[in-house]
Amino acid sequence: MDAELVALATSGATTLVGLLVTDGWNQARERFAALLSQTRGSQEAAEAELDHLREELMRADQSGDDARVADTTTELKMWLRRALENNTELSTELLNLVNEYRAYESTAAVVMRDNNFHGSTAVQGNGVQTNRFGV
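Quantities reported herein were computed from a predicted structural model and do not represent experimental measurements.

A. Structural view of the overall build of the protein chain. Check the secondary structure of the protein chain and you find five helices and four strands. For the protein chain, the N- to C-terminal ordering of α and β elements is α-α-α-α-α-β-β-β-β. When contacts within the protein chain are restricted to residue pairs at least 6 apart in sequence, long-range pairs at least 24 apart make up 61% of them. Carbon and sulfur atoms provide 44% of the accessible area of the protein chain, an area that totals close to 6900 Å².

B. Inspection of the packing of helix H3 (residues 43-63) against helix H4 (residues 66-86) at higher detail. Contact geometry of H3 with H4 gives a least axis separation of 9 Å together with a crossing angle of 160°. Here H3 is positioned roughly antiparallel relative to H4, judged by the angle of their axes. Between H3 and H4 lies a crossing of left-handed hand. Each of Ala-46, Glu-49, Leu-50, Leu-53, Glu-56, Leu-57, Ala-60 and Asp-61 in H3 lies in contact with H4, whose residues at this interface are Arg-68, Val-69, Thr-72, Glu-75, Leu-76 and Trp-79.

C. Up close: the nonpolar core. One finds Phe-32, Leu-50, Leu-76 and Leu-94 to be the most contacted residues of the largest nonpolar core, which totals 30 residues. For this core, the elements supplying multiple residues, two or more each, are helix H1 (3-20), helix H2 (25-36), H3, H4 and helix H5 (90-100). In terms of residue count, the dominant contributor to this core is H1 (eight residues). Those residues in contact with Leu-94 that sit more than four places away from it in its chain are Leu-8, Ala-9, Gly-12, Phe-32, Leu-35, Leu-80 and Leu-84.

D. The arrangement of H5 in detail. Regarding H5, the residues found buried are Leu-90, Ser-91, Leu-94, Leu-97 and Val-98. Across the axial projection of H5, the buried residues extend over an arc of 125°, all falling on one side. Looking at the buried positions of H5, the neighbouring elements they touch are H1, H2 and H4.

About the thresholds
Residues numbered from 1 in each chain as written. Predicted model: local features only at pLDDT ≥ 70, side-chain atom pairs only at ≥ 80, totals over all residues. Heavy atoms only, no water. Helix = DSSP H or I, 4+ residues; strand = E, 2+ residues; numbered from the N terminus. Contact = heavy atoms within 4.5 Å. Areas by Shrake-Rupley, 256 points an atom, 1.4 Å probe, with all protein chains shown as cover. Axes fitted to C-alpha atoms, helices over the stretch in contact; angles between N-to-C directions. Parallel < 35°, antiparallel > 145°, perpendicular 65-115°, else oblique. Left-handed = near helix turned anticlockwise from the far one by under 90°. Core = buried A, V, L, I, M, F, W, Y, C linked by side-chain atoms within 4.5 Å. Buried < 20%, exposed > 50% of the residue type's maximum accessible area, 1.4 Å probe, protein only. Arc of directions from axis to C-beta.

In short, shape yes, function no, at least from these values alone.
See the structure below:
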C-alpha cells in the first residue's frame, strides 16, 4: 500500500478514536460508518461495530486499560487501510473527514503510559510525530 494512504489511514484512525470519546462522535458517526461500510457490507453493520468499539473504548479509558485503547486504534487503522486498499477514491472522503473533525483533536486525548495520542499527533517516548494532510 502506498505510504501516503498508510499515513492517511493512521491519521483517520487517530481522529476517529478521538471522536469516539467526545460528543463530536454523534455528528461524525454516520459519515465514518458510510466510509467504513466499504469493508463491512452495510452502513448498519459499520455503525453497529463502531458503536461497539466506542463502548469498549469508553470502558478502557475509564479503567485505565491502555492496551485496549491501543488495540482499538490499531483495529481502526487496519479497517481504514482495508477500505482504502479496496477503493482508493475513499481517500478524498477520509481526508475531508479528518480535516473537518480536526477541531475535536485538541479536546480529545487518549493517554497511554508512554504514548499519548492527540488527534493526528503521536508523542512516543522522546519523539513527536505529526501527520497533517491537505494543509
